[in-house]
Amino acid sequence: MDDKQLERYSRHILLPEIDLAGQEKLLDSQVLLIGLGGLGSPAALYLASSGIGRIIVNDHDSVDLGNLQRQVIHTTLDLSRPKTESARDHLHAINPGLDIDVIGHRLTATELAHYASQVDVVIDASDNFITRYAINHACVATRTPLVWGAATRFDGQATTFRNDYEEAPCLNCLYPNQHAQDAMGSCGDNGVFAPVTGIIGGIMAAETLKLLLGVGITLHGRLLRIDATALEWRQSLFTRDPLCESCSPPRQAPPSRADAK
Amino acid sequence: MKAKDRRLAELRDAIPEVSPEEALALSHNGAALLDVRDTDEVAQGSPVGAYRLGRGFLELRIEDMVPDLDRTLLVMCAGGVRSLFAAESLKRLGYKDVRSVGGGFSRWKNQGKPFEIPRILDAEARERYSRHLLMPDVGEAGQLKLLDSKVLLIGAGGLGSPAAYYLAAAGVGTIGLVDHDVVDRSNLQRQILHTDARVGMPKVESARVALEALNPGIEVIGHRTHLDSTNVEEILSGYDVIVDGTDNLATRFLINDACVKLGKPNVHAAVYRFEGQITVFWPTYDKQHGNCYRCMFPEPPPPEFAPSCAEAGVLGVMPGIFGLLQAIEAIKILLDLGDPLVGRMLHYDALSGRFTELKVKKNPHCRYCSEGAVFPGYQDYAQVCASNA
């Protein structure tokens, strides 16, 4: 780290749990962030400010006016630009030293697995269950930890799927019925309270940082839910479904991440 | 005879019609007057006190406005035709007594019945805030209220950054920021309002650039000053909600005392390393007994017991999470929605990933906020901390 970096990350380096070695680790880390909307905006901003060395951002949408009620990574000047470009510009503005790679199309299953195998953590900030199951599948197959969140109206939820563990539950263990989940509707249908997406994105960034630093206890097997009207948080535990279509039978040995870097 | 005329004749038989005179009397006795015209028609005038719900979303949203199926509905359009179709649909939905106002709004207006030009969102605002308008708890009335609201953020740093971003995104009309500092590179690890190119710029200026880019429709007021006992009331008195994002004890006492005196809700948060806490100090909250900061800490500690003011480490996203929680609480207070964190302190430890809640009690003998207390005046709020050595 040079002097400017030491200054930039001084508040991290002061923490014994991070220190110089931890910050170096973050700078050497790579994450894939899918979705640059309500959840992805704050997650991306905090991952960039924290100094994650390489962030691959993926979204196939462009910025529209209805996004700006909560998607704070974009601005009014970015209207109709691809969200990936708008996000990259903002992330570089707050931390010019990072590698921000953009993918502006919907990833195929093969591409998802390819990118998941390259990174240390995948962050699912998408807004529909078809995408969520596809991401889950790729992360189970490549044994990549997956940080997950969702928000609608005043409710939000987040968890972490430790696909790097032997017996970790996956998204399909938690929410096995795709059709039922799609019937829940999205924030496009039901609306969403602007800062609820923000807080869930923030929790997702915190989970990602813990995974990358190897500190603390992640939300493995725990679903954290917020009801913003009461501002109450509830935690529910969940375990692996031995008959899960996605993560059973037992997973294979993890591929070597060192090769991908 | 055209199909539409045949259909209208059937509806006239099925739906009772009332005159504007009768409708006004019925609405005074508890009936709901429902204006089903389009937004641009309503903008020209609508009966005072009417529910306004265009035919497009009528069936989907009427229950949010009028949950009681037994309540009489008086449906009004421009001339008394569209209201017949709407009335029939409402009857099918289960409303038992639905009537159409004959002659519609034009007859209502001609007969001198009371109407108003409602304040409504323009087309651009309607699109920008569409995700709020979809929520019955916010809706157009709530969004207009937010646009009329004023929130003061004290500190444009770690907590103030996300709080300001989300208040601006949500459409809080006036956002004040108090900060004396300039942007430093060491801020950028967590203070997402600021950018590398703005290092050295006053934080309130940098914040204004970021917030106006996100939402040019709001007003951002920068107060580039230190709060002290001579300016605190003048600055705070112009705002509806105060968000305390300071990093030092002296200012927290000052903000508390001024908020108690002025009766302002004070959304308070603090972060340290991997944890943080948030509560709402609001002794004059009308739904329950709120406490103030001095109920918990009656006096600033003497310097030898005060925490060090030396810079402490903090995980970058911690002030992010707590600034966001402050934004949630500020907006809830503005909209009088849900239960604010009055009398409760929420704590989050990022390392364990757990939120816990503590009850906070009002001190019945608090010198500042107990019943009948006479404001003791501002103290000398010298920087309360141990030396940095």
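Our subject is the structure that appears above.
One structure accompanies this document, and this report is about it. (Residues numbered from 1 in each chain as written. Chains lettered and ligands numbered in written order. Predicted model: local features only at pLDDT ≥ 70, side-chain atom pairs only at ≥ 80, totals over all residues. Heavy atoms only, no water.)

**Here's the deal with the pairing of strand β5 (residues 73–76) of chain B**
Residues and elements named next belong to chain B.
1) Next: Where burial is concerned, the two faces of β5 agree: the one with Leu73 and Val75 and the one with Leu74 and Met76 are both buried.
2) Next: Across 4 bridges, the pairing between strand β2 (residues 32–35) and β5 is parallel. Paired with alanine 32 across the bridge in β5 is leucine 73.
3) Next: Here β5 pairs with strand β6 (residues 98–101) via 3 bridges, running parallel. Across the sheet, the residue bridging to leucine 74 is arginine 99, located in β6.
4) Next: On the question of chirality, the crossover connecting β5 to the parallel β6 by way of helix α5 (residues 82–93) is right-handed. (Buried < 20%, exposed > 50% of the residue type's maximum accessible area, 1.4 Å probe, protein only. Helix = DSSP H or I, 4+ residues; strand = E, 2+ residues; numbered from the N terminus. Pairing = 2+ DSSP bridges. Right-handed = clockwise from strand over helix to strand, strands pointing away.)

**Some words on the interface of chain B and chain A**
1) Next: Across the boundary between the two partners, chain B contributes 64 residues, which contact 67 residues of chain A.
2) Next: Between chain B and chain A, the buried area comes to about 5600 Å², and carbon and sulfur atoms account for 64% of it.
3) Next: Where chain B meets chain A, there are 3 salt bridges.
4) Next: Between glutamate 17 of chain A and arginine 273 of chain B there is a salt bridge; the shortest N-O distance is 3.4 Å.
5) Next: Counting residues per element, the ones that place at least two in the side of chain B that touches chain A are α7 (123–128), α8 (130–133), α10 (160–170), α11 (203–214), α15 (317–335), β14 (344–349) and β15 (354–359) of chain B.
6) Next: Top element by residues in the side of chain B that touches chain A is α15 of chain B. It accounts for 10 residues.
7) Next: For the side of chain B that touches chain A, a count of residues per class yields 34 nonpolar, 13 polar and 17 charged. (Contact = heavy atoms within 4.5 Å. Buried area = accessible area lost by both parts, 1.4 Å probe. Salt bridge = Lys/Arg side-chain N within 4 Å of Asp/Glu carboxyl O. Nonpolar A, V, L, I, M, F, W, Y, C, P; charged D, E, K, R; others polar.)

**A word on the packing of aromatic side chains**
1) Next: Inspection of every chain in the model, using the stated rule, returns 16 aromatic pairs over all chains.
2) Next: Pairing phenylalanine 129 of chain A with tyrosine 133 of chain A gives two aromatic rings, centres 5.6 Å apart and planes at 45 degrees, and the pair type is tilted. Linking phenylalanine 129 of chain A with tyrosine 133 of chain A, this pair stays in helix α7 (residues 129–142), spanning 4 residues, or about one helical turn.
3) Next: Owing to a relative accessible area of 3%, phenylalanine 129 of chain A belongs among the buried residues under this scheme.
4) Next: Measuring from ring centre to ring centre gives 6.1 Å for phenylalanine 161 of chain A and phenylalanine 238 of chain A, while their planes differ by 65 degrees; the resulting arrangement is edge-to-face. On the criterion of sequence distance, the pair formed by phenylalanine 161 of chain A in strand β6 (residues 155–161) and phenylalanine 238 of chain A in the loop between β8 (232–237) and α12 (257–260) is long-range, its members being 77 residues apart. For the residue pair phenylalanine 161 of chain A and phenylalanine 238 of chain A, the accessibility class agrees, reading buried in each case.
5) Next: Each residue in the set Phe129, Tyr133, Trp148, Phe161, Tyr175 and Phe238 of chain A is aromatic and connected to the rest through ring pairs, giving one cluster.
6) Next: The aromatic ring of phenylalanine 129 of chain A is capped on one face by arginine 132 of chain A, whose charged end is 4.6 Å from the ring centroid.
7) Next: Taking the ring centre of phenylalanine 57 of chain B as reference, the NZ or CZ of arginine 61 of chain B above it sits at 3.9 Å. (Phe/Tyr/Trp six-rings, centres within 6.5 Å; stacked < 30°, edge-to-face > 60°. Lys NZ or Arg CZ within 6 Å of the ring centre and 35° of its normal.)

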